[in-house]
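Architecture at a glance
What follows is the residue order along each chain.
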Amino acid sequence: MSRSTMNTALKRLMTEYKQLTAAENDESMFTAGPISENDFFKWSCLISGPTDTPFEGGVFEAELTFPRDYPLSPPKMKFNPPLFHPNIYASGDVCISILHAPGDDPNAYESSSERWSPVQSVEKILLSVISMLAEPNIESGANIDACKVFRDNREQYDEIIRSHVRQQLDI
Amino acid sequence: MASENEIMTDISDDDYSDAFDPDEDMEAEFDDASSISDSGFSPIEPDSHSTGKDPKGKGKAVDSMLTLDNHPGASEKLKEEQKVAVAYVEEMLQLKSEQAAVLLRYFAWKKEKLVETYMDSPESTLAAAGIHENGAQPRLKRVRGFVCEVCYDEMAQETLALSCDHRFCKSCYAQYVTSKVVDEGESRRIQCMGSKCNVIVDEKTVELLVEEEVLERYRSLLNRTYVDDSTSLRWCPAPNCDYALKCHILPRQLDSIIPTVQCSCLHTFCFGCGDADHRPCCCPIVRRWLKKCADDSETSNWISANTKECTKCHSTIEKNGGCNHMTCKSCKWEFCWVCMGPWSEHGTAWYNCSRYEEKGGDAVNQDAQSKSRASLERYLHYYNRFANHEQSIKLEHELATRMEKKMEEMQEHSSLSWIEVQFLAKAVETLTKCRTVLKWTYAMAFYLAKNNHTAIFEDNQADLEQAVEGLSELLEKPLDEEKIAELRQQTTDKTVYVSKRCQILLDDTLRGYEEDRWHWAEAIKM
């Protein structure tokens, strides 16, 4: 990887961070920023559970890892601790179309949906993830158990998630 | 990924194809654009090239040795072909040449299909191929107050947009294209960076953006796609070989033709599947056989051959010792291993099951078991022989080295000259080649239904096998200085005989394909 791509990545991440902090307010659904000033390629973000979903009231922590050639390649996103959700692997890794480059489709289900391109951004990723929480896509599931419960027994699915949220908030 | 300076094409021509071309009139049976020539068998034994004796056309099942030319300008020839096609489309559809090239690549160089689809609906065809209708030339431009969406930079640098008008700064574009070309080896499918935009970055634009080195790689990749997309061209699969071969063969012909070709690098392979020479098996059989050997379909056969099922709950049970009074672990059912009947009927008749004849236990079950046992045995019979020859071929590489030593020894201890001891090298070469053929006859025999034709095939196979083993034995013998002349005589004779047997087998088998003489034991999907 050449020096210049790395500089581009760094410059771009700094700008994105600046814009995100500037736009932040009480209404924001998420916050995101580098974990340490020494490493701009690892971000931590907090996402609040969307209203009118079982995730409501919860706050979920995730980590974004950017490649050196960002924004040519997409970052990776991982919930820590993992979330029970059809599109999140048991390890916490998020499987969503916007995080895949076109042509790189592990399940070959996502041809029509939005793919990674250099004009996407952290903001767009997080917004997509929030809408993914509200509306799972069980066509290309990452967690088969979650897919099954979601499809066959919605009430149980909601309950699992609510208890997860309660547990997280310590109530 | 291939190295940067690899320039791929040189199209090879096989020297032999001109030398032995007895059936020139055959060409007409193939696409006449190519000069398919039947060169019968391999270079080792041109004299046993027997297809010439056959009635016209018989040889085509053998191999259609390839062909474009081998002169230094051959890579130019590939480019020339592309240029001609581009010019044709350009003229026909009144498009710019870059557009024509993108369209052709999208349609995998199928001109007729392209023109037809385009005539039906020009707009949607262009859009699908990633060409924006307005066709504006991508040009570098400075735009005041422009903020690039990729690097978020506001500096007034040069910017570029494709015809879709998604504008980014030049350095971002250059980085993007460079990484696509260098890291991903992409060429004809590089798209605009905008999200959901499929407009293709054409050659002219790439020229504007990247460094000379990258551009060269881009062009060579682009050229590569021409061969990859073409059904009548194929790269020689030998390592480090840069030749492409041409052969007009349709996939549906592969069940009766084995298009074996030889590249200028001397690698012989099947044009249909790209695998190493697998005559006399046709591609569908080869695929099936290799799959059978690789996957675990035989595991289930083993299970059914070596285990029995509990007559009550159908758990699979392998008996690895103990008496015949079985108690199923999962359902606690007690039964006799010998007759599979309930143990309660046995009384005290331990180890001595007299009920077998009376009741026969679960007759159907037994039948199925013995059947699958037989099928496993049958498979193993062929597989062992197949694997055995494969192993021998590997060992013969060592043999070749030993032979070289032997040849030196001979030159020292006798009056034979270098050229006179070459018979040993030739014998080893013949041995390897015939073993390869033998190996595949076992795969073929496995799928053949039992009938008279198969019996003939197996006779031929046995003859060849015997001849091959005879030759092999001869070569393994320690060198007796007294008898070098005799050895030479014997080896030469045997080598010729083996080659002949091999040729007979191949000729007959291939003629069989043509006459539709082979009947398969199971339905083979061709």
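The structure displayed is predicted, hence computed values, not measured ones.

All names here are of chain B. Considering the arrangement of structural elements, one finds Leu399 in helix H12 (residues 363-413). Taking the C-alpha atoms as reference points, Leu399 and Leu475, separated by 76 residues in sequence, lie 8.6 Å from one another. With residues near it in sequence (within four places) discarded, Leu399 still touches Val428, Leu431, Leu475 and Glu476.

So, on to the sheet that holds strand E1 (residues 140-142) of chain B. Residue and element names in this part refer to chain B. An order of E1-E2-E3 is seen for the three strands of this open sheet, with the pairing classed as antiparallel. Of all strands in the sheet, those bounded by a partner on one side alone are E1 and strand E3 (167-169). Between one strand and the next, the sheet's axes are offset by a mean angle of 45°, whatever the strand orientation. In the packing of helix H6 (residues 170-183) onto the sheet, the strands contacted are E1, strand E2 (158-161) and E3, and the crossing angle to E3 comes to about 90°.

Residue and element names in this part refer to chain A. With six bridges joining them, strand E1 (residues 30-36) and strand E2 (residues 39-48) adopt antiparallel strand pairing. The residue bridging Ser36 from the neighbouring strand is Asp39, located in E2. Where E1 folds back on E2, the antiparallel hairpin that results is connected by two residues.

All names here are of chain B. The topology assignment puts Leu221 in helix H8 (residues 212-229). In the structure, Leu221 is positioned 40 residues away from Val181 in sequence and 8.3 Å away in space, judged by C-alpha atoms. If sequence neighbours within four positions are ignored, Leu221 has contacts with Val181, Gly185, Glu186 and Ser187.

Let us look at the packing of aromatic side chains. Evaluated as defined, the whole model comprises 22 aromatic pairs over all chains. Ring centres of Tyr17 of chain A and Phe40 of chain A lie 6.3 Å apart, and the angle between their planes is 75°; this geometry places the pair in the edge-to-face category. With Tyr17 of chain A in helix H1 (residues 3-23) and Phe40 of chain A in strand E2, this pair connects stretches of sequence that are 23 residues apart. Of the residues examined, Tyr17 of chain A reaches a relative accessible area of 31% and is grouped as partly exposed. Consider the rings of Phe386 of chain B and Trp440 of chain B, whose centres lie 5.2 Å apart with planes at 70°: the pair is edge-to-face. Of this pair, Phe386 of chain B sits in helix H12 while Trp440 of chain B sits in helix H13 (residues 422-447), and the two are 54 residues apart along the sequence. Taking relative accessible area as the criterion, Trp440 of chain B reaches 7% and is therefore assigned buried. Aromatic rings pair up to connect Trp289, Tyr379, Tyr382, Tyr383, Phe386, Trp440, Phe446 and Tyr447 of chain B into one cluster. The residue whose ring lies beneath Arg517 of chain B is Trp518 of chain B, and the NZ or CZ to ring-centre distance is 5.4 Å.

Here the focus is the sheet that holds E1 of chain A. All names here are of chain A. Taken together, the four strands give an open sheet; going across it, the order is E1-E2-E3-E4, and neighbouring strands pair in antiparallel fashion. Edge positions in the sheet fall to E1 and strand E4 (76-79), since each has one partner strand and no second. Going from strand to strand, the sheet's axes swing by 25° on average, the running direction of each strand aside.

Time to look at the interface of chain A and chain B. Between chain A and chain B, the residue contacts involve 16 residues of the former and 13 residues of the latter. When chain A packs against chain B, close to 1,400 Å² is buried across both sides, 59% of that on carbon and sulfur atoms. Our count for the contact surface shared by chain A and chain B stands at zero salt bridges. For the pair chain A and chain B, the number of links is four residue pairs in polar contact (both at pLDDT 80 or more).

On to the packing of helix H14 (residues 452-476) of chain B against helix H15 (residues 484-514) of chain B. All names here are of chain B. Look at H14 against H15: their axes get within 9 Å of each other, and the N-to-C directions meet at 160°. Between H14 and H15, the angle is such that the two are roughly antiparallel. Both H14 and H15 take part in a crossing whose hand is left-handed. In the contact of H14 with H15, the residues fall into 14 nonpolar, seven polar and four charged.

Moving on, we get to the UniProt feature "active site" (unreviewed entry) in chain A. Following the UniProt record, one finds the feature "active site" (unreviewed entry) at Cys95 of chain A. Among the structural elements, Cys95 of chain A can be located in the loop between E4 and helix H2 (122-134).

All right, on to H15 of chain B then. The terminal C-alpha atoms of H15 of chain B, which comprises 31 residues, lie 45 Å apart, in line with the 45 Å expected from a rise of 1.5 Å per residue. Trailing H15 of chain B by a residue or two, Asp516 of chain B shows a phi angle of about 60°, which is positive.

When pLDDT drops low, the exact placement of atoms in the prediction is not to be read closely. All names here are of chain B. On average, chain B scores 74 in pLDDT, and the residues at 70 or more come to 77%. Every residue in residues 1-73 scores below 50 in pLDDT, and together they form 179 contacts with partners more than four places removed in sequence or on other chains. Counting contacts from residues 355-361, a segment whose pLDDT is below 50, to residues more than four positions away or on other chains yields 11 contacts. Scoring the predicted complex yields pTM 0.59 and, for the interface, ipTM 0.72.

All names here are of chain B. Judged by side-chain polarity, Tyr88, Met92 and Met119 come together as a nonpolar surface patch covering roughly 300 Å² of accessible area. By the secondary structure assignment, Met92 is in helix H2 (residues 74-93). Judged by its relative accessible area of 41%, Met92 is partly exposed.

Rules of the game
- Sequence positions are assigned chain by chain, starting from 1 and proceeding in written order.
- Numbering of ligands from 1 and lettering of chains from A proceed in the order in which they are written.
- This being a predicted model, a pLDDT of at least 70 is required before a residue's local features are given, and a value of 80 or more before pairs of side-chain atoms are given or counted; all residues contribute to the totals for chains, interfaces and linings.
- Derived side-chain values reflect all non-hydrogen atoms in the structure, with water molecules and hydrogen atoms excluded from consideration.
- Under the DSSP-based scheme used, a helix requires at least four consecutive residues in state H or I and a strand at least two consecutive residues in state E, with every element numbered from the N terminus.
- In what follows, a contact means two residues having at least one pair of non-hydrogen atoms within 4.5 Å.
- Here a strand pair is declared whenever DSSP counts at least two bridges between the two strands.
- Lines fitted to C-alpha atoms define the axes, with helix axes restricted to the stretch in contact, and inter-axis angles between N-to-C directions lie between 0 and 180 degrees.
- Side-chain rings of Phe, Tyr and Trp (the six-membered ring for Trp) are treated as a pair once their centres are within 6.5 Å; stacked means planes under 30 degrees apart, edge-to-face means over 60, and tilted covers the remaining angles.
- Think of it in three bands: with a 1.4 Å probe and only protein chains considered, a residue is buried below 20% of the maximum accessible area for its type, exposed above 50%, and partly exposed in between.
- Placement of a charge over a ring requires the Lys NZ or Arg CZ to be within 6 Å of the ring centre, with the centre-to-atom vector within 35 degrees of the ring normal.
- Here's the idea: put two parts together, see how much 1.4 Å probe accessible area each one loses, and the total over both is what we call buried area.
- Within this document, salt bridges are pairs made up of a side-chain nitrogen of Lys or Arg and a carboxyl oxygen of Asp or Glu, the two lying within 4 Å of each other.
- Any pair of nitrogen or oxygen atoms within 3.5 Å is treated as a polar contact; in protein, a donor-acceptor pairing is required on top of that, and neighbouring residues in sequence qualify only through side-chain atoms on both sides.
- We call two directions roughly parallel when the angle between them is under 35 degrees, roughly antiparallel when it is over 145, roughly perpendicular when it lies between 65 and 115, and oblique otherwise.
- Crossings are sorted by hand: turned counterclockwise from the far helix by less than a right angle, the near helix makes the crossing left-handed, and turned clockwise it makes it right-handed.
- Residues are grouped as follows: Ala, Val, Leu, Ile, Met, Phe, Trp, Tyr, Cys and Pro are nonpolar; Asp, Glu, Lys and Arg are charged; all remaining types, including Gly, are polar.
- UniProt positions are given in the numbering used here, feature names are shortened, and annotations may be inferred rather than shown by experiment.
- Any helix carries an expected span of 1.5 Å times its number of residues minus one.
- What pLDDT conveys is the predictor's confidence in a given residue, as a value from 0 to 100.
- Each patch is built from residues that are more than 30% exposed by relative accessible area and take part in no salt bridge. Like charges join if they lie within 9 Å; nonpolar side chains (Val, Leu, Ile, Met, Phe, Trp, Tyr) join within 5 Å.
- Residue exposure ignores everything except the shown protein chains as possible cover, and the areas themselves are Shrake-Rupley values with a 1.4 Å probe.

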